[in-house]
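Secondary and tertiary structure notes
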Amino acid sequence: MSKRLVILGAGESGTGAAILAKAKGFDVFVSDKSSIQPKYKEMLESHAIAWEEGRHTEAEILNADEVVKSPGIPDKAPIIQALKGRGTPIISEIEFAGRYTDAKMICITGSNGKTTTTMLTYHILRQAGVDVGLAGNVGNSLALQVAEDPHPVYVIELSSFQLDNMYDFKADIAILLNITPDHLDRYNYEMRNYVDAKFRILRNQTSADAFIFWNDDPIISREVAKRHPAATLYPFAETREPGVRGYTENNQVVIETSNGTFTMEQELLSLRGTHNLYNSLAAGLASKVMDIQDERIRASLSDFAGVEHRLEKVLRVRGVDYVNDSKATNVNSCWYALQSMSTPVVLILGGTDKGNDYSEIEQLVCEKVRALIFLGVDNAKLHAFFDGKVADIEDARSMEEAVSKAYKMAQKGDTVLLSPCCASFDLFKNYEDRGERFKRCVREL
């Protein structure tokens, strides 16, 4: 009798896992508590995979031999608690897909910069002619690619939620960009739980593997000293320090690996700002470890166009720049955005708070922000922290209202920056929806 695999959540990862499981001969059932998007229903139907939406039927789920869980489902969900009570193994889609491929895995995590570094690394490899797949939080699901469009190399963006349910999977190259408080609502508001989740990216690594990380992150450096990772270490930093393998010196980017030393002029990097220097160093180190030719790395680091909704310049209207940083769903992301600003700022903040501590951006707000607009259903916490620190503060209940108020408050030479610090679920479907609406409102000014 074939093994029963139940998949909870029928988004990109769940549908991909279901198709791979069906191809491998499992008895597959997919259950989603919400409604399933039409395109995923079609994919499940075309592979004759049984599914349900709008509920979790325990009789169909609790008889599973193993469960693949969507990263969006928290452990405290009743169906997960019921499965744990039975001792049913619960894994992630990445863990499941990893069983059926021996491809080289370049895995990227961190509180901020994951998507940019993932896309940049993928860009470098693809431009160099590598047959590479893009997976995780971006691209098509790893499981779907393993089933129907396999590649010898994958670049995978991993959230802490995906790492939570990975056990035997191994990253050949692991990149850990930074660790700052994020998603603490999912980790019982315990920073230790979140840090442990991020460090799962090192599971099963050997000395033949590479671990690339930001050397000056206090949490990472403390954990590395404590954990003694088995992999070969490739720390990076803004300036040269003992043991650091990626840095800048005399306006040059320098990357040192066993495959030689790569250099290029720092001003040729297409991505601006200190945080993007780190993203470029991490992607450059991964590419050099993969033995990509220097001229290919140089070309790709200088022509990469960046990621949508991340410090994305939208328009200049009457001498005011409008910048979409909707992907800044935590305080540290907003800190990077403000740090990169060289003009006075009208800052649009707010949304679903994940346990934020706004003191991290307080100094930058006081130095750079002319006016604040709080865009959310409940702005009480923002008012409690910022009232009295910035002269002009307004509330907005819609993106149209926020952009209209920003237009009136901004002066020639200013930047209107949407960098919300928060998740988007109070007023928008997701951060992409929030960013698209911002851009649409700006274009209608």
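Residues numbered from 1 in each chain as written. Predicted model: local features only at pLDDT ≥ 70, side-chain atom pairs only at ≥ 80, totals over all residues. Heavy atoms only, no water.

**Some remarks on the overall build of the protein chain**
Each helix and strand in the protein chain was counted, giving 17 helices and 20 strands. Its C-alpha atoms give the protein chain a radius of gyration of 22 Å, near enough to 22 Å, the size a compact globule of 445 residues would have. Taken along the three principal axes of its C-alpha coordinates, the protein chain extends 70 × 55 × 40 Å. Counting over 445 residues, the protein chain shows a buried share of 56%. When contacts within the protein chain are restricted to residue pairs at least 6 apart in sequence, long-range pairs at least 24 apart make up 65% of them. (Helix = DSSP H or I, 4+ residues; strand = E, 2+ residues; numbered from the N terminus. Rg over C-alpha atoms; globule rule 2.2 N^0.38 Å. Buried < 20%, exposed > 50% of the residue type's maximum accessible area, 1.4 Å probe, protein only. Contact = heavy atoms within 4.5 Å.)

**A look at the nonpolar core**
Within the largest apolar cluster, 49 residues are counted, with the highest numbers of intra-cluster contacts made by Phe96, Leu142, Ile156, Phe199 and Phe211. Considering each element in turn, this core owes the most residues, 5 residues, to helix H1 (residues 12–23). Counting 39 residues, the second largest nonpolar core, distinct from the first, contains Ile173, Ile212, Ala286 and Phe304. (Core = buried A, V, L, I, M, F, W, Y, C linked by side-chain atoms within 4.5 Å.)

**Description of the UniProt feature "binding site: ATP" (unreviewed entry) in the protein chain**
What UniProt calls "binding site: ATP" (unreviewed entry) maps, in this numbering, to Gly110, Ser111, Asn112, Gly113, Lys114, Thr115 and Thr116. Relative to the elements of secondary structure, asparagine 112 occurs in the loop between strand S6 (104–109) and helix H6 (114–127). In this structure asparagine 112 touches Leu177, Asn178, Thr180, Asn330, Asn332, Ser333 and Tyr336, once residues within four positions along its chain are discounted. Looking at where lysine 114 falls in the secondary structure, it is placed in helix H6. For lysine 114, the contacting residues outside a window of four places in its chain are Ile108, Thr109, Asn137, Glu157, Leu158, Ser159, Leu177 and Lys198. (UniProt positions renumbered as here; feature names shortened; annotations may be inferred.)

**A look at the sheet that holds strand S12 (residues 246–249)**
The strand order across the open sheet built from 9 strands is S7-S8-S6-S9-S10-S11-S12-S13-S14, with neighbouring strands paired in mixed fashion. The sheet is open, and its two borders are formed by strand S7 (132–136) and strand S14 (260–265), each paired with just one other strand. Direction aside, neighbouring strands of the sheet carry axes that sit 20 degrees apart on average. One ladder, built from 4 bridges, connects strand S9 (residues 173–176) with strand S10 (residues 210–214); its direction is parallel. (Pairing = 2+ DSSP bridges. Axes fitted to C-alpha atoms, helices over the stretch in contact; angles between N-to-C directions.)

**A look at the packing of H1 against helix H2 (residues 38–46)**
Between H1 and H2, whose axes approach to 10 Å, the crossing angle comes to 5 degrees. Here H1 is positioned roughly parallel relative to H2, judged by the angle of their axes. Residues Glu12, Thr15, Ala18 and Ile19 of H1 touch H2, and the partners they reach there are Lys39, Tyr40, Met43 and Leu44. Among the residues forming the contact of H1 with H2, the class breakdown is 5 nonpolar, 1 polar and 2 charged. (Parallel < 35°, antiparallel > 145°, perpendicular 65-115°, else oblique. Nonpolar A, V, L, I, M, F, W, Y, C, P; charged D, E, K, R; others polar.)

**Looking at the sheet that holds strand S2 (residues 27–32)**
Spatial ordering of the open sheet is given by S3-S2-S1-S4-S5, a layout of 5 strands whose pairing is parallel. Among the strands making up the open sheet, the edge pair consists of strand S3 (50–53) and strand S5 (90–91). In the sheet, S2 pairs with S3 via 4 bridges, with the strands oriented parallel. When the bridges of S3 are listed, aspartate 32 appears paired with glutamate 53.

**A word on the pairing of strand S15 (residues 312–317)**
Where S15 and strand S16 (residues 320–324) come together, 5 bridges link them in antiparallel fashion. Each bridged residue has a counterpart across the sheet, and for leucine 315 the counterpart in S16 is tyrosine 322. Linking two consecutive strands that pair antiparallel, namely S15 and S16, is a turn of 2 residues; a positive phi of about 50 degrees is found at arginine 318 within it.

**Some points on the UniProt feature "domain: Mur ligase C-terminal" (unreviewed entry) in the protein chain**
Per the UniProt annotation, the sites labelled "domain: Mur ligase C-terminal" (unreviewed entry) are residues 309–421. The span residues 309–421 shows a helical share of 33% and a strand share of 28%, and its end C-alpha atoms are spaced 13 Å apart.

**With respect to the side chain of serine 141**
Among the secondary structure elements, serine 141 is positioned in the loop between S7 and helix H7 (142–148). For serine 141, a relative accessible area of 2% corresponds to the buried category.

**Quick look at the pattern of salt bridges**
Enumeration according to the criterion identifies 26 salt bridges in this entry. Across the salt bridge formed by glutamate 249 and arginine 240, the nearest N and O atoms sit 3.4 Å from each other. Between glutamate 362 and lysine 389 there is a salt bridge, with the nearest N and O atoms lying 3.4 Å from each other. A residue pair is termed long-range when its members are at least 10 positions apart, and glutamate 362 in helix H14 (residues 359–368) and lysine 389 in the loop between helix H15 (380–386) and strand S19 (392–396) qualify at 27 residues. Several salt bridges converge on common partners, so that one network encompasses Asp196, Glu223, Lys226 and Arg227. (Salt bridge = Lys/Arg side-chain N within 4 Å of Asp/Glu carboxyl O.)

**Thoughts on helix H12 (residues 294–303)**
Listed as buried for H12 are Ile297, Ser300 and Leu301. With its buried residues spanning 100 degrees around the axis, H12 presents them on a single face. Buried residues along H12 sit in contact with H6, S14 and helix H11 (274–289). (Arc of directions from axis to C-beta.)

**Here's the deal with the environment of glutamine 162**
Take glutamine 162: it is sitting in helix H8 (residues 160–164). Accessibility expressed as a relative area gives 5% for glutamine 162, which makes it buried. In this structure, the C-alpha to C-alpha distance between glutamine 162 and alanine 197, residues 35 residues apart in sequence, is 8.9 Å. If sequence neighbours within four positions are ignored, glutamine 162 has contacts with Pro71, Ser92, Gly136, Asn137 and Glu157. Of note is the side chain of glutamine 162, whose polar atom sits 2.8 Å from the backbone nitrogen of serine 159. (Polar contact = N/O pair within 3.5 Å; in protein donor to acceptor, adjacent residues only side chain to side chain.)

**Quick word on the packing of aromatic side chains**
Counted under the stated rule, the structure contains 10 aromatic pairs. Seen from their ring centres, phenylalanine 96 and tyrosine 100 are 5.4 Å apart, and the 70 degrees between their planes marks the pair as edge-to-face. Given a relative accessible area of 0%, phenylalanine 96 falls into the buried group. The class for tyrosine 100 is partly exposed, based on a relative accessible area of 28%. Consider the rings of tyrosine 358 and phenylalanine 385, whose centres lie 6.2 Å apart with planes at 50 degrees: the pair is tilted. Of the two residues, tyrosine 358 is situated in the loop between strand S17 (345–349) and H14 and phenylalanine 385 in helix H15; the sequence distance between them amounts to 27 residues. Each member of the pair, tyrosine 358 together with phenylalanine 385, is buried. Within the aromatic cluster, the residues linked to one another by ring pairs are Tyr358, Phe374, Phe385 and Phe386. (Phe/Tyr/Trp six-rings, centres within 6.5 Å; stacked < 30°, edge-to-face > 60°.)

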